[in-house]
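What the coordinates show
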Amino acid sequence: MTDTSTPTDARTAALRRDAELIAAAVDAAGRGMVDRETVAEVVALCAVAGEHLLVVGPPGTAKSQAVRRVAGQFGGRYFEYLLGRFTEPNELFGPVDLRSLREGRVEFETAGMLPEAEIAFLDEVFLGSTAVLNTLLGLLNERVFRRGGTVLASPLRVCVGAANHLPEDPALAAFADRFLARVFVEPVADARLEELLEAGRRPAAPPPAGAAGDVLGALDRLADAARGCDLDGVTPLLATALRRLRAAGVPVGDRRAVRSQRLVAAAAVLDGRGVATARDLWVLPLVAPTADTQALARDTLADLIEKAANESLAHAAEELSRSTAARAERLARTGAALLAQHRGLPGGRDSRLRLEAALREIDAGFAPADLPAALAGIRAELVAAVAPS
């Protein structure tokens, strides 16, 4: 049989395989957490985009847990630290190399420290001293660690900073701006407390045996694809969106405007495409600096992102766009995952209740005539699964 596939077809198929691998890793990371799927998915988005993420929310809202679980699923070298006013640079970047010092050179031992990490999480990131933040600024900007006589290219894919609130000190503005994407979290809503309590009793999903290297490799291949993503077709829409944000009072400087393209490209390749479209513009509210301006951005761009969605990052796309297309993608993914889990377990009340809840959410969100084909198929399977045997 003659192979009629084209190189473009092969590239698209490879993109989809890698995107599905990342989606599965993110799903596994989010399993057992409630209402933190968006954080996990945006970590993946930023890792592919080569950008950094700031997660803002009150203490005890599982910010570190979400990042830690994603890092565990991705594999690679992970570094985590809680910063304070008295944190010394050596605690993050490594101690002075005493052997080099005896020879008259000031160099640093970076093994196991932040400069050699592939994924990093810095809690209370704005509490760092000037010495810490200045060194960190160069590392985040250039992926190069420079201190004393040590110059080291860093393999850092993404650094996630966390804070209880945004800094009020103008001196920290330049540092905060290095975190292009922002996610704001709140305690889980009262209506989901039972789900939270149940999830807290379940152990976290372990990283898949032998798959960590594959996931990290997929992340790197998607990052390469994002750098070559075709943005020409979406550029006029992107420019229109940025003009609207500025006119509405959402502060988007030139640097953030240019770098927002990286998020758009990352969204496209994580959706299995090498060409960006309007479907990928859901990422734009992420560049708004505060929770209020993110809400304003969603409202201002409502008509431009009404068809936005993402197969791999369904929760984040829905949260940031509020689009029916994104909701359909998320419900289809959730329903398919529940069905797969249900088939692998003996029949029981808890499993049936989850299937019924997914079915109710589909019916509450879509009239029968408006159901997308893929979601209609999932709904039919859910109906069959909960029907009395």
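Counting of residues starts from 1 at the beginning of each chain's written sequence and follows it residue by residue. Only residues with pLDDT of at least 70 are given local features in this predicted model, and only at 80 or more are side-chain atom pairs given and counted; all residues enter the totals for whole chains, interfaces and linings. Derived side-chain values reflect all non-hydrogen atoms in the structure, with water molecules and hydrogen atoms excluded from consideration.

It is worth spelling out the packing of aromatic side chains at this point. Pairing of aromatic rings covers Phe, Tyr and Trp, the last through its six-membered ring, and needs centres within 6.5 Å; plane angles under 30 degrees mean stacked, over 60 mean edge-to-face, and all others mean tilted. Summed over the entire model, instances satisfying the criterion amount to four aromatic pairs. Ring centres of Phe-93 and Phe-145 lie 5.5 Å apart, and the angle between their planes is 20°; this geometry places the pair in the stacked category. Of this pair, Phe-93 sits in helix H4 (residues 89–93) while Phe-145 sits in strand E4 (residues 144–147); the two residues are 52 residues apart in sequence, bridging distant segments of the chain. One exposure class covers both Phe-93 and Phe-145, and it is buried. Plain terms: the ring middles of Phe-175 and Phe-179 are 5.6 Å apart, the flat faces sit at 75° to each other, and that makes the pair edge-to-face. Across this residue pair, the class does not change: Phe-175 and Phe-179 are buried. In this structure an aromatic cluster arises from ring pairing among Phe-126, Phe-175 and Phe-179. Helix numbers and strand numbers start at the N terminus; a helix is a DSSP run of H or I with at least 4 residues, a strand a run of E with at least 2. The buried label goes to any residue with under 20% of its type's maximum accessible area, the exposed label to any with over 50%, and the partly exposed label to all in between, with areas taken from a 1.4 Å probe on protein chains only.

A few words on the pairing of strand E3 (residues 119–123). When you tally the buried positions in E3, you get four out of five residues, the bulk of the element. Relative to E3, strand E2 (residues 78–82) runs parallel, the two sharing five bridges. In the strand pairing of E3, Leu-82 is matched with Asp-123. We call two strands paired when DSSP finds no fewer than two bridges between them. Strand direction decides the pairing type here: E3 and strand E6 (residues 158–163), joined by five bridges, are parallel. Following the sheet pairing, Phe-121 is matched in E6 by Val-160.

Now for the pairing of E6. Summarising burial for E6: six of the six residues are buried, a large majority. Where burial is concerned, the two faces of E6 agree: the one with Val-158, Val-160 and Ala-162 and the one with Cys-159, Gly-161 and Ala-163 are both buried. Bridge analysis of strand E1 (residues 53–56) against E6 gives four bridges, and the strand direction is parallel. Looking at the pairing, Val-56 lines up with Ala-163 of E6.

Time to look at the side chain of Arg-273. Assignment of secondary structure puts Arg-273 in the loop between helix H11 (254–270) and helix H12 (291–300). Assessed through its relative accessible area of 17%, Arg-273 is described here as buried. Within the local environment of Arg-273, its side chain forms a polar contact with the side chain of Asp-271, the two groups lying 3.0 Å apart. If we skip the residues at most four places from it in the chain, Arg-273 touches Leu-15, Ala-268, Arg-279 and Asp-280. Think of a polar contact as two N or O atoms within 3.5 Å of one another; within protein, one of them needs to be a possible hydrogen donor and the other a possible acceptor, and neighboring residues in sequence only count if both atoms come from side chains. Only heavy atoms enter the contact rule, under which two residues are in contact if any of them lie within 4.5 Å.

Bringing the packing of helix H2 (residues 37–49) against helix H13 (residues 314–321) into the picture now. Between N-to-C directions, angles span 0 to 180 degrees; the directions come from axes that are lines fitted to C-alpha atoms, helices contributing only their stretch in contact. It is at 8 Å that the axes of H2 and H13 come closest, and there the two elements cross at 105°. In terms of orientation, H2 lies roughly perpendicular with respect to H13. Contacts between H2 and H13 pair Glu-37, Thr-38, Glu-41 and Val-42 from the former with Ala-314, His-315, Ala-316 and Glu-319 from the latter. Partitioning the contact of H2 with H13 into residue classes produces three nonpolar, two polar and three charged. Every angle not falling under 35 degrees, over 145, or within 65 to 115 is termed oblique; those three ranges are roughly parallel, roughly antiparallel and roughly perpendicular. For this classification, the nonpolar set comprises Ala, Val, Leu, Ile, Met, Phe, Trp, Tyr, Cys and Pro, the charged set comprises Asp, Glu, Lys and Arg, and every other residue, Gly included, is treated as polar.

Moving on, we come to the sheet that holds strand E7 (residues 181–184). With parallel pairing, five strands are arranged side by side in an open sheet as E2-E3-E6-E1-E7. Among the strands making up the open sheet, the edge pair consists of E2 and E7. Taking each pair of neighbouring strands and ignoring which way they run, the sheet shows an average axis angle of 15°.

Residues Ile-22, Leu-45, Leu-53, Phe-74, Leu-263, Trp-282 and Leu-286 are the most contacted members of the largest nonpolar core, which totals 75 residues. Considering every element that reaches this core, the biggest residue donor is H2, with ten residues. Sequence-distant contacts of Leu-286, that is, excluding residues within four places in its chain, are made with Val-42, Leu-45, Leu-180, Ala-181, Arg-182, Val-183, Leu-263, Gln-294 and Leu-320. Throughout, nonpolar core names a set of buried Ala, Val, Leu, Ile, Met, Phe, Trp, Tyr and Cys residues whose side chains join them through atoms within 4.5 Å. Judged by nonpolar contacts, the second largest core, of 26 residues, contains Ala-117, Leu-140, Cys-159 and Phe-179.

Put simply, a salt bridge is a Lys or Arg side-chain nitrogen that is within 4 Å of an Asp or Glu carboxyl oxygen. For the coordinates displayed, the defined rule picks out 26 salt bridges. One salt bridge connects Arg-273 with Asp-280, and the closest N-O pair in it is separated by 2.5 Å. Each member of the pair, Arg-273 as well as Asp-280, carries the same accessibility label: buried. Salt bridges linked by common partners bring Arg-77, Glu-116, Glu-118, Arg-157 and Asp-220 together as one network.

One less than the residue count of a helix, multiplied by 1.5 Å, gives the span that helix is expected to have. Taking 1.5 Å per residue as the helical rise, helix H14 (residues 324–343) with its 20 residues ought to reach 28 Å, and the 28 Å between its terminal C-alpha atoms agrees with that figure. All of the buried residues along H14 are Ala-326, Ala-328, Glu-329, Arg-330, Leu-331, Ala-332, Gly-335, Leu-338, Leu-339 and His-342.

Residue Ala-62 is not a glycine yet carries a positive backbone phi of 65°. If you trace the backbone, Ala-62 turns up in the loop between E1 and helix H3 (63–74). Ala-62 gets classed as partly exposed once you look at its relative accessible area, which sits at 25%. In this model, Glu-124 sits at a positive phi of 50°, which is unusual for a non-glycine residue. Position of Glu-124 among the secondary structure elements: in the loop between E3 and helix H6 (130–142).

Such coordinate-based values are descriptive only and should not be taken to indicate function.
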